[in-house]
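Here is how the chains run, residue by residue.
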Amino acid sequence: MGCSLEKNKKQCKCTYEPCSRKGKCCECLSYHLARKELPGCCFSKEAEKTYDRSFEKFIEINS
Ligand code: SF4
């Protein structure tokens, strides 16, 4: 099974445009998990725009 890069890019909700990992969900997840963060798509539209991808922010908006 190949990577659905173009399909992923179209569906990506992350607004951080310069990111080279856009559409590469496996790289995106690895990058953020290594920093105790989650990808932008795990956050609400408003929270995503803050670029705070921390576990703490995720818990805060889901509590
Ligand atoms: S969530 Fe992070 S790694 Fe993923 S596309 Fe957005 S800025 Fe890039």
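Criteria and thresholds
Residues numbered from 1 in each chain as written. Predicted model: local features only at pLDDT ≥ 70, side-chain atom pairs only at ≥ 80, totals over all residues. Heavy atoms only, no water. Near = heavy atom within 4 Å. Nonpolar A, V, L, I, M, F, W, Y, C, P; charged D, E, K, R; others polar. Helix = DSSP H or I, 4+ residues; strand = E, 2+ residues; numbered from the N terminus. Buried < 20%, exposed > 50% of the residue type's maximum accessible area, 1.4 Å probe, protein only. Salt bridge = Lys/Arg side-chain N within 4 Å of Asp/Glu carboxyl O. Patch = residues over 30% accessible without salt bridge, like charges linked within 9 Å, V, L, I, M, F, W, Y side chains within 5 Å. Areas by Shrake-Rupley, 256 points an atom, 1.4 Å probe, with all protein chains shown as cover.

Trainee: Help me understand the site of the ligand in this model?
Mentor: Taken together, C14, Y16, C19, R21, K22, C28, H32, P39, G40 and R53 are the residues near the ligand. Classifying every residue of the shell around the ligand gives 5 nonpolar, 2 polar and 3 charged.

Trainee: I would appreciate a short explanation of the environment of T15 in the present structure.
Mentor: Structurally, T15 is set in the loop between α1 (5-11) and α2 (25-33). Measuring from C-alpha to C-alpha, the distance between T15 and I59 comes to 21 Å, with 44 residues separating the pair along the chain.

Trainee: Sorry, what's going on with unusual backbone geometry here?
Mentor: Note on backbone geometry: most residues besides glycine have negative phi, and most peptide bonds are trans. Despite not being glycine, K36 shows a phi value in the positive range, around 55°. Tracing the backbone shows K36 in the loop between α2 and α3 (45-48). Judged by relative accessible area, K36 falls into the exposed class, the value being 59%. Residue Y51 is not a glycine yet carries a positive backbone phi of 65°. Along the polypeptide, Y51 turns up in the loop between α3 and α4 (55-61). Residue classification places Y51 among the partly exposed residues on the basis of a relative accessible area of 40%.

Trainee: Explain the pattern of salt bridges here, please?
Mentor: Side chains bearing opposite charge may pair, as long as their charged atoms lie close to each other. Here the structure, examined in full by the defined rule, presents 2 salt bridges. Measuring nitrogen to oxygen at the nearest pair gives 2.9 Å for the salt bridge that ties R53 to E48. By relative accessible area, R53 is classed as buried at 5%. E60 is paired through a salt bridge with K57; the nearest N and O atoms lie 3.5 Å apart. Of this pair, E60 and K57 both sit in helix α4, 3 residues apart, roughly one helical turn. Relative accessible area serves as the criterion here: at 53%, E60 is assigned to the exposed category.

Trainee: I'm lost on a nonpolar patch on the surface in this one. Help?
Mentor: Side chains of L29, L33, F55 and I59 sit close together on the surface and give an oily, nonpolar patch of about 340 Å² of accessible area. Elements represented by at least two residues in the nonpolar patch include exactly α2 and α4.

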